[in-house]
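For reference, the chains in residue letters:
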Amino acid sequence: MTTLQDWGRPVGDVNGFVRDGITEVPVVVVETDEGLEGLGIGSHADIERIFPAIEGEDPRAVVALYDRMIARVFKSGHGGATFGGIGALDMALWDLKAKLADEPLWRTLGARDRFVPAYASALEIAIPDDELDTLYGEWISRGFTSVKVKGGLDLDSDLVRLARVRDIFSANTPRPGMMLDANESWNRKQAIRYICAVEQHLDLSWVEEPLRRWDADGLAMVSRAVRAGVATGENLTGLEQFKPLFDAGAVDIVQVGSMWGITHFMRVATVAHSRDLPVSPVGSTASPVFHAAAAVPNHLAAELQDLGAPLGMTVDYEIADGGIVLGDRPGHGTTIDESRIAQSVSLDGWMQVAGPHVRPDRAGLRLVPDGAGPHEAGQPHR
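Residues numbered from 1 in each chain as written. Predicted model: local features only at pLDDT ≥ 70, side-chain atom pairs only at ≥ 80, totals over all residues. Heavy atoms only, no water.

A. Examining the overall build of the protein chain more closely. Helices and strands together make up the secondary structure of the protein chain, namely 12 helices and 17 strands. Per-residue burial over the protein chain gives 55% buried out of 382 residues. Look at the contacts in the protein chain between residues 6 or more apart in sequence, and 67% of them connect residues 24 or more apart. About 16200 Å² of surface is accessible on the protein chain, with carbon and sulfur atoms providing 49% of the total. (Helix = DSSP H or I, 4+ residues; strand = E, 2+ residues; numbered from the N terminus. Buried < 20%, exposed > 50% of the residue type's maximum accessible area, 1.4 Å probe, protein only. Contact = heavy atoms within 4.5 Å. Areas by Shrake-Rupley, 256 points an atom, 1.4 Å probe, with all protein chains shown as cover.)

B. Expanded view of the pattern of salt bridges. In total, this model carries 22 salt bridges according to the counting rule given. Between arginine 49 and aspartate 46 there is a salt bridge, with its nearest N and O atoms 2.8 Å apart. Overall, aspartate 46 belongs to the partly exposed group, its relative accessible area being 28%. Lysine 243 is the partner of aspartate 247 in a salt bridge, and the nearest nitrogen-oxygen pair spans 2.7 Å. (Salt bridge = Lys/Arg side-chain N within 4 Å of Asp/Glu carboxyl O.)

C. The sheet that holds strand E5 (residues 37–41), seen in detail. Spatial ordering of the open sheet is given by E1-E4-E5, a layout of three strands whose pairing is antiparallel. Whereas interior strands pair on both sides, the edge strands pair on one side only; in this sheet they are strand E1 (2–6) and E5. Each neighbouring strand pair of the sheet contributes to a mean axis angle of 35 degrees, computed without reference to strand direction. Judged from the five bridges that link them, strand E4 (residues 22–31) and E5 form a sheet pairing that is antiparallel. Bridged to valine 28 within E5 is glycine 40. Running over the sheet, helix H3 (residues 81–100) touches E4 and E5 and is turned about 145 degrees from E5. (Pairing = 2+ DSSP bridges. Axes fitted to C-alpha atoms, helices over the stretch in contact; angles between N-to-C directions.)

As structure tokens, then:
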């Protein structure tokens, strides 16, 4: 099934945005022969092709079943969208494993502390500067001291925006953690010049995805040339895709996409830890990966994109003190109201031709005119 996340505002990045702020949240429910249900969130891709690898198996063998799912699609390739289907099933299996143990998933994974440090990440590129105080007001009241800003199109505009956001979060700390996310929009020289120019005015904790995810040599070049850490990895689908970045010294903060599942996050975190690198999960709409973040020794901070939950979904955590406080409900604690979800209208803002992950024809993001329809991405001024 698919439910909806109503952000109540436009959301997106340098590549475009969803004007009405309604996005899809695919949900997978895995049932056992004893009537127990496990919930996965993130993707329906190739579920029919992957599921036979786990059908009839004991969900407590989740790590082995993860490898079994990958092996089933090995010949045709497990990367990309298919990896998202594996990740959703993986989350559901971990949910079942913890429920069978009658304990919260963070306990099953070996965590001692239920608190997960996080940072604010509102996907706010289409929000005007003068509305940022209102947007971040609730984040401030919940104790957040670090924030990621979307940018990369216009240096002067980004400098104004970063300074304003820094001032907002200074209400909680004299030195807010500031991150700039360019979403793979620069080439090597552009990235170095842009970041160095920003660093003349303010300190950046990290710059995210300055280059394409596969450009290990270029990312290493950027990392050596700037003070900020280079964060990347959220779009890499499989541990093997991280190897070139590790070998080249191309990543300072290892990011893992939450939709790729818990086992993937744990494995990447382990390899990153072997190289003394911190890890951070990205993309967290009611994410079960928070439980995994609590269990690894090198977790830095989780991306928290919204303070609410998707339609018909209830989460067992609180957002306070600048992070996530996990609950005690067995499994990862997320439940769904299928009848409420069924009554919702299915929309496809992320997947339309003019959606947020289709680059504008030319540089220069602009808000759509008031008369434009929903889901239209910002288009360059002509």
